[in-house]
Amino acid sequence: MQLKNKTIIVTGASSGIGAAAARVFAAEGANVVIGARRGGLLDQLAGQIDQNNGKAVSLAGDIRDENYAIALVELAKAEFGGLDAAFNNAGILGEIGPVPDMETGNWHDVISTNLTSAFFAAKYQIPAMKERGNGSIVFTSSFVGYTNGGMAGMSAYAASKAGLIGLAKSLASEHGADGIRVNALLPGGTKTAMSGDDPEIHEFIAGLHPLNRLAEPGEIAQAALFLLSDQSSFVTGGAMIADGGVSIQLG
Ligand code: NAD
């Protein structure tokens, strides 16, 4: 029970890494406040967690909306009396292609979904964690935007995910004295809706990884569990790779 009685916000919980993480955190004793856009899927997940004797509440919304970040924190306080940790994980890939061909709207959409949402999340989560006297925040970044080897066609996504690492470092410096740790988690290719279900694409992605496969969402959830629990009590300002070695392959 590594998260016993801790209250944790998990975004992007309607599928993939976020859904797996919500299940793992609840099984480890956390009260989970789950968010994403698809309310039906969130309610289903909350029901499953309840059936397994866990505690979950859900609130559907759009992480590009500052008021949604406020509402998730308020829900954590109203239902469970406060906030201890947050897995700010929701994200999108956006359009793939060279910058001159990219719609400006895509740039704004990817940056606001993946990066500005993280600013909103931290802005309201940190004061709630200060009330507790400690906390742990994790942003889901990516190997894309982190490795020395660049990935053509992924500029908006790479910029947003690299931005999360910078944001985590600044926040960790600002709020270490408050007992609040902030880290970025960098998954490698993971079997979710984002990586699709085309076997040829999976084979290509798998080949970039020395482990020669994609991760299961639950494997990334375990890395998030480490960063959110007291097991990582001296870890802050970090960019933790859980990427099957893709970053060493890409350089
Ligand atoms: P996914 O598509 O299954 O999950 C994305 C989640 O984010 C969904 O719950 C979706 O509803 C939510 N979301 C997207 N836009 C939103 C918005 N505007 N408001 C609220 N919720 C929104 O994919 P996933 O792979 O589980 O992605 C989770 C995170 O992991 C993302 O940040 C992604 O960039 C990152 N990541 C994924 C991979 C991979 O290979 N799958 C690799 C590295 C990093």
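Scroll up to find the structure this text is about.
The structure presented is a predicted model; accordingly, all values stated were derived computationally and were not measured. Sequence order as written defines the numbering, with residues in each chain counted from 1. With the structure being a predicted model, the display of local features is reserved for residues of pLDDT at least 70 and the display and counting of side-chain atom pairs for 80 or more, all residues being used for whole-chain, interface and lining totals. Excluding hydrogens and water, the side-chain values take into account all heavy atoms of the structure.

Axes here refer to lines fitted to C-alpha atoms; in helices the fit is confined to the stretch in contact. Angles between the N-to-C directions go from 0 to 180 degrees. A run of DSSP states H or I qualifies as a helix once it reaches four residues; a run of E qualifies as a strand once it reaches two. Both are numbered from the N-terminal end. The contact between helix α1 (residues 16-27) and helix α2 (residues 39-51) brings their axes to 10 Å, and the two run at 25 degrees. The angle between α1 and α2 places the two elements in the roughly parallel class. Every pair of crossing elements has a handedness; the one defined by α1 and α2 is right-handed. The residues of α2 that touch α1, namely those facing Ala19, Ala22, Arg23 and Ala26, are Leu45, Gln48 and Ile49. Angle categories are assigned with fixed cut-offs, so that under 35 degrees is roughly parallel, over 145 is roughly antiparallel, 65 to 115 is roughly perpendicular, and the rest are oblique. In this scheme the crossing of two helices becomes right-handed for a clockwise turn of the near helix relative to the far one and left-handed for an anticlockwise turn of less than a right angle. By definition in these notes, contact holds between two residues if any of their heavy atoms fall within 4.5 Å.

So, on to the environment of Phe120. Tracing the chain through its elements places Phe120 in helix α4 (residues 104-132). Distance from Phe120 to Lys191, taken between C-alpha atoms, is 28 Å for residues 71 residues apart in sequence.

In the vicinity of the ligand lie 30 residues, with Ser14, Ser15, Asn89, Tyr157 and Thr192 positioned nearest. Under the rule applied, a polar contact is a pair of N or O atoms within 3.5 Å (in protein, one hydrogen donor and one hydrogen acceptor; residues adjacent in sequence only if both atoms are side-chain atoms). In the environment of the ligand, an oxygen atom lies 2.7 Å from a nitrogen or oxygen atom belonging to the side chain of Ser14. Measuring from a nitrogen atom of the ligand, one finds a backbone N or O atom of Ile63 at 3.0 Å. Surface accessibility follows the Shrake-Rupley procedure with a 1.4 Å probe radius. Residue values consider only the protein chains on display as shielding. Taking 820 Å² as the accessible area of the ligand by itself, protein coverage stands at 95%. Mapping the ligand onto the cavity grids shows that it belongs to the largest pocket. Looking at the shell around the ligand, the elements that each hand over two or more residues are α1 and α5 (155-175). Residues of the shell around the ligand, tallied by class, amount to 10 nonpolar, 15 polar and five charged. Being near a molecule or strand, for a residue, means having at least one of its heavy atoms within 4 Å of it. Residues are called lining when one of their atoms sits within 4 Å of a cavity or pocket point, these points coming from a 1 Å grid over the protein atoms alone, where a cavity is a set in which a 1.4 Å probe fits but cannot get out and a pocket is an open set with protein on both sides within 12 Å along at least five of seven lines. To be counted as sitting in a cavity or pocket, a molecule needs more than half of its atoms within 2 Å of that site's grid points. When residue character is reported, Ala, Val, Leu, Ile, Met, Phe, Trp, Tyr, Cys and Pro are called nonpolar, Asp, Glu, Lys and Arg charged, and the others, Gly included, polar.

A few words on empty space enclosed by the protein. Grid points are joined across faces, edges and corners, and a volume is the space filled by probe spheres set on the points. Evaluation of the coordinates by the stated rule reveals one cavity of 30 Å³ or more. Here the largest cavity defines a volume of roughly 170 Å³. Surrounding the largest cavity, 19 residues form its lining, Thr11, Ile63, Asn88, Ser117 and Ala121 being those nearest its centre. Among the elements that take part in the lining of the largest cavity, α4 stands out by supplying five residues, more than any other. Of the residues that constitute the lining of the largest cavity, the class distribution is 11 nonpolar, seven polar and one charged.

The subject of this paragraph is a negative patch on the surface. Taken together, the side chains of Asp197, Asp198, Glu200 and Glu203 make up a negatively charged region of the molecular surface. Structurally, Glu203 is set in helix α6 (residues 199-207). Distance thresholds for patches are 9 Å for like charges and 5 Å for nonpolar side chains (Val, Leu, Ile, Met, Phe, Trp, Tyr), applied to residues having over 30% relative accessible area and no salt bridge. By convention in these notes, a salt bridge is any Lys or Arg side-chain nitrogen within 4 Å of a carboxyl oxygen on Asp or Glu. When charges are counted, neither His nor the chain ends are considered; positive counts come from Lys and Arg and negative counts from Asp and Glu. For charged residues, the charge sits on one atom: NZ in Lys, CZ in Arg, CG in Asp, CD in Glu.

On to the pattern of salt bridges, then. Following the criterion strictly, the structure yields seven salt bridges and no others. Taking the shortest distance from any N to any O, the salt bridge between Arg64 and Asp62 comes out at 2.6 Å. For Arg64, a relative accessible area of 35% puts it in the partly exposed group. Relative accessibility thresholds used throughout: buried, under 20% of the residue-type maximum; exposed, over 50%; partly exposed, between the two (1.4 Å probe, protein chains only). Accessibility expressed as a relative area gives 24% for Asp62, which makes it partly exposed. Glu131 is the salt-bridge partner of Lys77, the closest N and O atoms lying 3.5 Å from each other. In this pair, Lys77 is assigned in helix α3 (residues 66-80) and Glu131 in helix α4, connecting sequence segments 54 residues apart. Here Lys77 falls in the partly exposed class, since its relative accessible area comes to 29%. According to the relative accessible area criterion, Glu131 is exposed, its value standing at 62%.

Moving on, we come to the packing of aromatic side chains. Note on aromatic pairs: the rings of Phe, Tyr and Trp (six-membered ring only in Trp) are paired at centre separations within 6.5 Å, and the planes decide the class, stacked below 30 degrees, edge-to-face beyond 60, tilted for the rest. Applying the stated criterion across every chain, the model contains two aromatic pairs. Taken together, a centroid distance of 5.9 Å and an interplanar angle of 50 degrees make the contact between Phe119 and Phe120 tilted.

This brings us to the nonpolar core. Across soluble globular proteins, nonpolar side chains show a tendency to be buried alongside one another. Nonpolar core, defined: a set of buried Ala, Val, Leu, Ile, Met, Phe, Trp, Tyr and Cys residues in which side-chain atoms within 4.5 Å join the residues together. Ranked by size, the top nonpolar core spans 33 residues in total, and within it Val10, Phe25, Val32, Ile34, Phe87 and Leu185 carry the most contacts. It is α1 that provides the largest number of residues to this core, a total of eight residues. The residues contacting Phe87, other than those within four sequence positions of it, are Ile8, Ile9, Val10, Thr11, Ile17, Ala21, Phe25, Val138, Thr140, Leu185, Ala224 and Leu228. Ala118, Ala128, Ala168 and Ile180 belong to the second-largest nonpolar core, a separate cluster that totals 29 residues.

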